[in-house]
Amino acid sequence: MATAFRKNLPKITYRTFLRNIARQKTRAVVKPHVATVKSTQPKERHISVFDYNPSTINYHQPQDITECFSFKHTPTITWINMDGMDNEQMEKICSHYNIHWLIQEDVMSHGQRPKVDEIEGVVYCLLNMLFINTKTNEIIEEQISIVMGENFILSFQEDAEKDVFDPIRKRLKISTSREREKGADYLFYALIDLITDSYLAVIEQLGNQIEQIEEQIMQRTSKHTFEKISQLRKDIILLKRNIAPTKDVAASLIRTESDLIQERTSKYFKDVYDHVVQANDLIDNYRDLIIGLQDMYVNNINLRMNEVMKTLAIITSIMAPATVIGGVFGMNFDIIPYAHHSYGFYGTIAVMIIIPIVMILWFYRRGWFQNESRPGKIKVED
């Protein structure tokens, strides 16, 4: 019975067994219709609406997302910025503006790679704002999603307190500004440009930290300095992970054939591309500098260790003759030269003192007491 049952079983090879396990793990981890949503939601939620044209502008702060639905059918340009929105409200506004569900998943997801997509008549751009924590000097990132459609812009942020869009809000209030005179594609460019320009400001502060740590290493190395170097390495990796894909985003916007981006606006994305390339080059340079700081730190530690070893070697060499002499005259023999002499003890002490003094003078002439960790004066021969 058991034999017949085994014959009816399908033959499973070892490779098939491993493939099935991998497939089950993939099904358990990857769910194409479920986004990786950030677990913690910001406490403060804020909605701001700018509805404008070259002649007029209206600013609103609606309390409910449904109040923004009426702006879809207006002939003016509408910018709706949402800070700290939850998933339910985000789905409402996206559904009303006919945003594809793939874009909705990207908006709700967290920790994604910067990218740009064009799906069903809208252009979607995902970038990360970068800030430096003034208390810990660590670089933090905030994901922002920008959706551009026909005469409207939707922007989704995670934290209402961190924003770089204030210059755009101020320019929108000026009737002669470019944001007022041009269309939604120019506002789309202006938002992306401000985000990429903030990268250069963060990189500049990072460069100042590198200079400070370099001065600290030249003066005195410590464990705290090594911790700062390690933190800088993490910051460089974070910057590289955000800036390198942004270069592809800018290049895609330059080559786009979308009807939403006019030809006169596409040239502005070349400026964004240049800024991102500059930031990427600076990151590569700073990465090399941090590697140099690590080498400098290790070299200083080794130099300090050599100084300590040299000091111990000098002390051991100076004390060695006295130790030998004391050991010889301290042996328990009946006959020891000058053991019973009236000046034997004083003579032995004198020899123990004279020999170290001679050795110290000889070491000094050999340059053993020169501190190599400090830069000395260079003698110029005529």
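Remember, predicted model here, so these are calculated numbers, not experimental data.

Reading the values: rules and limits
Residues numbered from 1 in each chain as written. Predicted model: local features only at pLDDT ≥ 70, side-chain atom pairs only at ≥ 80, totals over all residues. Heavy atoms only, no water. Helix = DSSP H or I, 4+ residues; strand = E, 2+ residues; numbered from the N terminus. Buried < 20%, exposed > 50% of the residue type's maximum accessible area, 1.4 Å probe, protein only. Contact = heavy atoms within 4.5 Å. Areas by Shrake-Rupley, 256 points an atom, 1.4 Å probe, with all protein chains shown as cover. 1 Å grid on protein atoms, 1.4 Å probe; cavity = no way out; pocket = protein on both sides within 12 Å on 5 of 7 lines; lining within 4 Å. Points joined across faces, edges and corners; volume = space filled by probe spheres on them. Nonpolar A, V, L, I, M, F, W, Y, C, P; charged D, E, K, R; others polar. Salt bridge = Lys/Arg side-chain N within 4 Å of Asp/Glu carboxyl O. Axes fitted to C-alpha atoms, helices over the stretch in contact; angles between N-to-C directions. Parallel < 35°, antiparallel > 145°, perpendicular 65-115°, else oblique. Left-handed = near helix turned anticlockwise from the far one by under 90°. Pairing = 2+ DSSP bridges. Patch = residues over 30% accessible without salt bridge, like charges linked within 9 Å, V, L, I, M, F, W, Y side chains within 5 Å. pLDDT = per-residue confidence, 0-100.

Secondary structure assignment for the chain yields 11 helices and 7 strands. Going through the 382 residues of the chain one by one, you find that 38% of them count as buried. Taking the contacts inside the chain whose residues are at least 6 apart along the sequence as the reference set, 68% of them involve residues at least 24 apart. Accessible area of the chain: about 24,100 Å², with a carbon and sulfur share of 55%.

A word on empty space enclosed by the protein. Per the counting criterion, the structure on display carries 1 cavity of 30 Å³ or more. Computed from the structure, the largest cavity encloses a volume of approximately 40 Å³. Taken together, His-110, Gly-111, Gln-112, Asn-128, Glu-141 and Gln-143 form the lining of the largest cavity. Grouping the amino acids of the lining of the largest cavity by side-chain chemistry returns no nonpolar, 5 polar and 1 charged.

A few words on the environment of His-110. Following the sequence through the fold, His-110 ends up in the loop between α4 (101–108) and β4 (115–119). The exposure class assigned to His-110 is partly exposed, which follows from its relative accessible area of 33%. Distance in space between the C-alpha atoms of His-110 and Glu-158 is 9.6 Å, their sequence separation being 48 residues.

Applying the stated criterion across every chain yields a total of 10 salt bridges. Measuring nitrogen to oxygen at the nearest pair gives 2.9 Å for the salt bridge that ties Asp-106 to Lys-115. Overall, Lys-115 belongs to the partly exposed group, its relative accessible area being 24%. Between Glu-307 and Lys-310 there is a salt bridge; the shortest N-O distance is 3.8 Å. Within this pair, Glu-307 and its partner Lys-310 are both found in helix α10 (residues 268–329), separated by 3 residues, close to a single helical turn. With relative accessibility at 22%, the residue Lys-310 sits in the partly exposed group. Because the salt bridges share partners, they merge into one network encompassing Asp-106, Lys-115 and Asp-117.

Another aspect to go through is the packing of helix α8 (residues 223–255) against α10. The interhelical angle for the contact between α8 and α10, taken along N-to-C directions, is 160°, at an axis separation of 8 Å. Comparing their axes, α10 and α8 come out roughly antiparallel. Every pair of crossing elements has a handedness; the one defined by α8 and α10 is left-handed. Considering only residue class, the contact of α8 with α10 consists of 22 nonpolar, 4 polar and 7 charged.

Turning our eyes to something else, we now look at the pairing of β4. One ladder, built from 5 bridges, connects β4 with strand β5 (residues 122–132); its direction is antiparallel. Note that in β5 the partner of Asp-117 across the bridge is Tyr-124.

The next thing to look at is a nonpolar patch on the surface. Taken together, the side chains of Tyr-343, Phe-345, Tyr-346, Ile-349, Ile-353, Ile-357 and Leu-361 define a hydrophobic patch exposed on the protein surface, amounting to about 800 Å² of accessible area. Looking at the element boundaries, Leu-361 is found in helix α11 (residues 344–365). On the accessibility criterion, Leu-361 (53% relative accessible area) is exposed.

This next bit is on α4. Among the 8 residues of α4, 6 are classified as buried, and the element is accordingly described as predominantly covered. For α4, the complete set of buried residues consists of Ile-103, Gln-104, Glu-105, Asp-106, Val-107 and Met-108. Check the buried side of α4 and you find it contacts α3 (87–96), β4, β5, β6 (139–149) and β7 (152–157).

A few words on the confidence of the model for the chain. Here the chain averages 79 in pLDDT, and 84% of its residues register 70 or above. The low-confidence segment residues 1–43, where pLDDT is below 50, has 21 contacts with residues more than four positions distant or belonging to other chains. This model gives residues 375–382 a pLDDT under 50, and the stretch forms 0 contacts once residues within four places in sequence are excluded.

Once that is clear, we can look at the sheet that holds β5. Strand pairs in the sheet, formed through backbone hydrogen bonds, run parallel or antiparallel to each other. The strand order across the open sheet built from 7 strands is β2-β1-β3-β7-β6-β5-β4, with neighbouring strands paired in mixed fashion. In this open sheet, the two strands that pair with only one neighbour each are β2 (57–60) and β4. Direction aside, neighbouring strands of the sheet carry axes that sit 15° apart on average. Looking at chain direction, β5 and β6 are connected through 10 bridges and run antiparallel. Across the sheet, the residue bridging to Leu-130 is Glu-141, located in β6. The sheet contacts of α8 involve β4, β5 and β6, and relative to β5 the element is tilted by about 155°.

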